[in-house]
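Structure assessment
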Amino acid sequence: MLAALASLDAAGVASIILKALVYASSLLAAGSALFVVAFPMAPTAAARTARHLAVWSALVAILLSIARLGSRAVFLGGGDPGMALDPVLLGVVIDSPLGTSTIVRVAGLVLVLGVVLPGRAGVWSVVVGAIATAMSFALVGHALGEPRVLLAVLLTVHVLAVAFWVGALAPLRRAALALPETETGHLANAFGRKAIWSVAMLVAAGGALILLLTGAPLPSADAGYGQGLILKLIAVAALIGLAALNKLRLTPALVRGDRAAARSLARSIEIEIALILVVLLATATVTTLTSPTG
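Here's a quick rundown of the structure. Since the structure is predicted, the reported quantities are computational estimates derived from the model, not experimental observations.

Describing the layout of surface pockets
By volume, the second largest pocket amounts to about 310 Å³. Around the second largest pocket, the lining is made up of 18 residues, and of these F191, G192, A195, A243 and K247 lie nearest the centre. Where the lining of the second largest pocket is concerned, the elements lending two or more residues are α7 (148-178), α8 (181-214), α9 (224-255) and α10 (259-289). Among the residues making up the lining of the second largest pocket, the classes are represented as 13 nonpolar, three polar and two charged.

With respect to the pattern of salt bridges
In total, this model carries two salt bridges according to the counting rule given. Its salt-bridge partner being R173, residue E270 comes within 3.0 Å of it at the nearest N-O pair. Note that E270 is positioned in helix α10 and R173 in helix α7, a separation of 97 residues in sequence. What makes E270 partly exposed here is its relative accessible area of 38%. The residue R259 makes a salt bridge to E181 at a minimum N-O spacing of 3.1 Å.

Cut-offs and rules
- Residues numbered from 1 in each chain as written.
- Predicted model: local features only at pLDDT ≥ 70, side-chain atom pairs only at ≥ 80, totals over all residues.
- Heavy atoms only, no water.
- 1 Å grid on protein atoms, 1.4 Å probe; cavity = no way out; pocket = protein on both sides within 12 Å on 5 of 7 lines; lining within 4 Å.
- Points joined across faces, edges and corners; volume = space filled by probe spheres on them.
- Helix = DSSP H or I, 4+ residues; strand = E, 2+ residues; numbered from the N terminus.
- Nonpolar A, V, L, I, M, F, W, Y, C, P; charged D, E, K, R; others polar.
- Salt bridge = Lys/Arg side-chain N within 4 Å of Asp/Glu carboxyl O.
- Buried < 20%, exposed > 50% of the residue type's maximum accessible area, 1.4 Å probe, protein only.

Right under this line is the structure:
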């Protein structure tokens, strides 16, 4: 893994960063929209933050996803930036799994923009859009192995669980900084009840994916793929630990009106955001440089 990282040129680094940004913006768009749907009675400040993030992140994710098609065309063209607009190479890329994945993701993100619609139309648009956005990640890369259908289902569930978590962080932070402590506590408590199921899905689907892809319940540190997975698992364990602290200690304190707990929650969420960025960057690096079989 370290040897592969050391051999990267500027184009390779840019490709990994672009992939990580696509991950981050897509998850934030889908998750923020799901937050709006899952918590229709959320305080106005939190709901507005989630809705704005869903819209802007979806637009950014669409642009970045399209940019990845151009980036792949440049790679196929030997690094010539002019190949980003070459119709022949772009056609090759669009016909590839990356192209299929991008088309499905963009369609899903367009539906996520339905978060601005009122009533059932907005709810269905968000739900279908979030599922399509998550599913798009199962149409490219390691998920194309066998058993393909099971891998696709597990990865879609895993991505949806991550998105739900990611999408709740900014609204909760906004609530902690701007709303009365008790109001923030009730929102955090409501999120915690749903997040338990989300974390269970994330862990179960993630564990099953590791088993199917590597043939072992835990990744081996002998290969680059396993090393990257271990880094991700450490960051995810830290995230779950912070979430447990928030639920068991900070949320009850907020319900009691403890202002210090609100500040602690905001700081904890900032750490969670940093850890999630580490996870996404590690994921982009692992899926670019390594494979489960080598």
